[in-house]
Amino acid sequence: MNLDIDKELKKCRLCPRVCGVDRTAGCRGFCGAGRSARIARAALHYWEEPCISGKNGSGTVFFSGCTMRCIYCQNYELSAKNFGYDITERELARKFLMLQGQGAENINLVTPTQYIPYIINSVCDARKNGLSIPVVYNTGGYETERSLELLEGTVDVYLPDFKYFNDKLAAKYSSAAGYTRIVKNALDIMFEQVGEPIFDGNGMMIKGMIIRHLMLPGHLDDTARIINYISKRFGNSVYFSLMSQYTPGRKIKGHPDLNRTVEKKYYDFAVSICEDLGMENVFIQEGSSVGESFIPEFTGNYEHPV
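Residues numbered from 1 in each chain as written. Predicted model: local features only at pLDDT ≥ 70, side-chain atom pairs only at ≥ 80, totals over all residues. Heavy atoms only, no water.

Visitor: Sorry if this is basic, but what is going on with the packing of helix H9 (residues 220-234) against helix H10 (residues 264-276) here?
Guide: H10 packs onto H9 with a crossing angle of 20° between their chain directions and a minimal axis gap of 10 Å. Relative to H10, the element H9 is oriented roughly parallel. Crossing of H9 against H10: the hand is right-handed. Between H9, through Leu220, Thr223, Ala224, Ile227 and Asn228, and H10, the contact on the second element is made entirely by Tyr266, Phe269, Ala270, Ile273 and Cys274. (Axes fitted to C-alpha atoms, helices over the stretch in contact; angles between N-to-C directions. Helix = DSSP H or I, 4+ residues; strand = E, 2+ residues; numbered from the N terminus. Parallel < 35°, antiparallel > 145°, perpendicular 65-115°, else oblique. Left-handed = near helix turned anticlockwise from the far one by under 90°. Contact = heavy atoms within 4.5 Å.)

Laid out in structure tokens, this is it:
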């Protein structure tokens, strides 16, 4: 399926903010995206969940801009400063094929929402030219029903965050009012599209959903509510990734509670909640994953498409 990109961007409503700006005329909404797709990096990435990265790495494309504004974002240059370079649909398709040629286990689209029309067309083009690996949609979970419906058939694996259960936290930390209702609805649609997980002979997920939750310091209660909800709603039909690597890369003014890491005892308690609920498909992390070594470096030395 090829979308009419100008039609989609004339009055942009791709994310729940429904800015309605005319991106074809150069206007930019909350996410900062303009008329063209924009990326900062396309490379093999080895630090996703084991069934995503595998031995060869995930073919990860980091898109510029973001529909959320998390004050603790580790990719701040991309999400808020729009770091990167513009790229056409054809060039993006070639990036996908290049990553597959490098042995990527999948194509991993990071913060992609604002570029959904480009992604759909580029994946379609790439598949016509030999793309055969799964497409992973790596999102903050802040998605509209219509945008997810557009993605049906394009995405094989959904990798959404469930950041907050408390809407006050979502508004305070990510400027995302109504997040909880929106992410719950998004997860239902994603699951309806991809169903229970399917793996290939090497243990790589080729269909399914992994719900991520990054624990924040001082908010164990919110984590517990998210875990309980996922267990009750999906049981063992999805995978859950409980992440401990929260790293305050820079001092966050006015939020001293976020200027520290998550203590091991609280992470261990969250793991025990999963165990008590009988959750079998849970990815957990060791304490060594806390730190900036898992954050890709974004510099000016990126490869411009040819």
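Visitor: Explain the packing of aromatic side chains here, please?
Guide: Working definition: an aromatic ring pair is given by the centre-to-centre distance plus the angle between the planes. Applying the stated criterion to the full structure yields 14 aromatic pairs. When the centroid spacing of 6.2 Å and the interplanar angle of 25° are considered together, the rings of tyrosine 142 and tyrosine 179 count as stacked. With tyrosine 142 in the loop between strand S5 (135-139) and helix H6 (145-151) and tyrosine 179 in helix H8 (residues 179-194), this pair connects stretches of sequence that are 37 residues apart. Across the pair, exposure class does not vary: tyrosine 142 and tyrosine 179 are buried alike. (Phe/Tyr/Trp six-rings, centres within 6.5 Å; stacked < 30°, edge-to-face > 60°. Buried < 20%, exposed > 50% of the residue type's maximum accessible area, 1.4 Å probe, protein only.)

Visitor: In this structure, what is going on with the environment of serine 174? I would like to understand it.
Guide: Relative to the assigned elements, serine 174 resides in helix H7 (residues 167-174). A sequence separation of eleven residues divides serine 174 from lysine 163, and the C-alpha atoms of the two residues are 9.4 Å apart.

Visitor: Please clarify how H10 should be interpreted in this entry.
Guide: For an α-helix, the turn length of 3.6 residues means that residues three or four places apart are oriented alike. Along its 13 residues, H10 runs 18 Å from first to last C-alpha, staying within 8% of the 18 Å computed at 1.5 Å per residue. Buried residues of H10: Tyr267, Ala270, Val271, Ile273 and Cys274, and no others. Down the axis of H10, the buried side of the element spans an arc of 150°, and every buried residue falls inside it. When the buried face of H10 is taken as reference, the exposed residues oriented beyond 90 degrees from it are Lys264, Lys265, Glu275 and Asp276. Among the structural elements, H9, strand S9 (239-243) and strand S10 (282-283) are those in contact with the buried residues of H10. Directly after H10, the chain includes glycine 278, whose backbone phi takes a positive value near 75°. (Expected span 1.5 Å × (residues − 1). Arc of directions from axis to C-beta.)

Take it as geometry only, folks, not as evidence of what the structure does.
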